[in-house]
Amino acid sequence: MVVVALALYGCATAPPSQPTAPVEPAAPPASADRRASTLAVERQWLQSWFEGTPVFIGQRNDGAVSVDVPREFCFDAGRSAVKAPLAAVLDKVAESLRRNGWAHLPLVAAPADAAATSPLALQRAAQVRKHLISRGVPAARLGSPTATTAAAVKLRMEAASP
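These notes cover the structure that comes with them.

Criteria and cut-off values
Residues numbered from 1 in each chain as written. Predicted model: local features only at pLDDT ≥ 70, side-chain atom pairs only at ≥ 80, totals over all residues. Heavy atoms only, no water. Helix = DSSP H or I, 4+ residues; strand = E, 2+ residues; numbered from the N terminus. Buried < 20%, exposed > 50% of the residue type's maximum accessible area, 1.4 Å probe, protein only. Lys, Arg positive; Asp, Glu negative; His and termini not counted. Salt bridge = Lys/Arg side-chain N within 4 Å of Asp/Glu carboxyl O. Polar contact = N/O pair within 3.5 Å; in protein donor to acceptor, adjacent residues only side chain to side chain. Contact = heavy atoms within 4.5 Å. Pairing = 2+ DSSP bridges. Axes fitted to C-alpha atoms, helices over the stretch in contact; angles between N-to-C directions. Expected span 1.5 Å × (residues − 1). Core = buried A, V, L, I, M, F, W, Y, C linked by side-chain atoms within 4.5 Å. Phe/Tyr/Trp six-rings, centres within 6.5 Å; stacked < 30°, edge-to-face > 60°. Lys NZ or Arg CZ within 6 Å of the ring centre and 35° of its normal.

Digging into the side chain of Arg129
As for its position among the elements, Arg129 is in helix H4 (residues 119–134). Of the side chains bearing the opposite charge, Glu158 lies closest to the buried Arg129, which forms no salt bridge; the N-O distance is 14 Å. At 3.4 Å, the side chain of Arg129 and the backbone oxygen of Leu142 are in polar contact. Each residue touching Arg129, except ones within four places of it in the same chain, is listed here: Val108, Ala139, Leu142, Gly143, Ser144 and Pro145.

Take a look at the structure:
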């Protein structure tokens, strides 16, 4: 017991170690690197919200984040009004875009009811875009409404060019 007490006392009274030379802070990563890293963080954040759902959140080779929501959760047949499940996804995408002022969404695409595109697909994509704008995303950061033949609403988040 006395030995342990002496050892602890010795540790507590040991002379301070020699100061080391100051370390130069690392240079901040380049803006593009920082944005790519932040896009990866945003992908993870979005995935955490939609884990266990049919919403697909992925990251492309170029660093862009893709969000795909299956058509059946987006619109009623023959209608362009955004359904609640899609609205929930769009609200989180809008939050992400508001947090990252340098990010934009160049792809805002929606499908029609069949595999072929139709005016309904463009109306749906316009409603998706309108929803994002209503959640505070500037229109200038959103691509034009686009039709897709995929069976999902497709969004792509990218870092804006400096």
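Now that the structure has been shown, the text picks up again.
Here's the deal with the pattern of salt bridges
Taken as a whole and judged by the stated rule, the model has nine salt bridges. Close ionic contact of Arg60 with Asp62 constitutes a salt bridge, the shortest N to O distance being 3.1 Å. Exposure remark for Arg60: the relative accessible area of 38% places this residue in the partly exposed category. Looking at Asp62, the relative accessible area reads 52%, which means it is exposed.

Focus on the sheet that holds strand E2 (residues 65–70)
Sheet architecture is open: five strands sit in the order E1-E2-E5-E3-E4, paired in mixed fashion. Among the strands making up the open sheet, the edge pair consists of strand E1 (56–59) and strand E4 (145–148). Strand after strand, the sheet turns through a mean of 25° between neighbouring axes, direction not considered. Here E2 runs beside strand E5 (residues 152–159); their pairing, made up of six bridges, is antiparallel. When the bridges of E5 are listed, Val65 appears paired with Met157. Here H4 sits on the sheet and contacts strand E3 (103–111), E4 and E5; the angle it forms with E3, its principal contact strand, is near 145°.

Some remarks on helix H3 (residues 84–99)
Relative to the 22 Å expected for 16 residues at 1.5 Å per residue, H3 spans 23 Å between its end C-alpha atoms, a close match to the ideal helical length. For H3, the full list of buried residues reads Leu86, Ala87, Val89, Leu90, Lys92, Val93, Ala94, Ser96 and Leu97.

Some words on the nonpolar core
In terms of nonpolar packing, the biggest core is built from 29 residues, with Val67 and Val93 touching the most fellow members. Looking at this core, the elements with two or more residues in it are helix H2 (31–50), E2, H3, E3, H4 and E5. The greatest single-element share of this core, amounting to six residues, is contributed by H3. Those residues in contact with Val67 that sit more than four places away from it in its chain are Leu46, Val55, Phe56, Ile57, Val89, Val93, Val153, Lys154 and Leu155.

Considering the environment of Ala125
By the secondary structure assignment, Ala125 is in helix H4. For Ala125, a relative accessible area of 0% puts it in the buried group. Expressed as a C-alpha distance, the spacing of Ala125 and Thr148, which sit 23 residues apart in the sequence, is 9.2 Å.

Description of the packing of aromatic side chains
All told, the structure shown has one aromatic pair when counted by the stated rule. Where Trp45 meets Trp49, the ring centres are 6.1 Å apart and the plane angle is 75°; that geometry is what we call edge-to-face. One end of the pair is Trp45 and the other is Trp49, both in helix H2 and four residues apart, which spans about a single turn. Directly above the ring of Trp49 sits Lys92, whose terminal nitrogen or CZ lies 3.5 Å from the centroid. Across from the ring centre of Trp45, 4.1 Å away, lies the NZ or CZ of Arg99, which sits over that ring.

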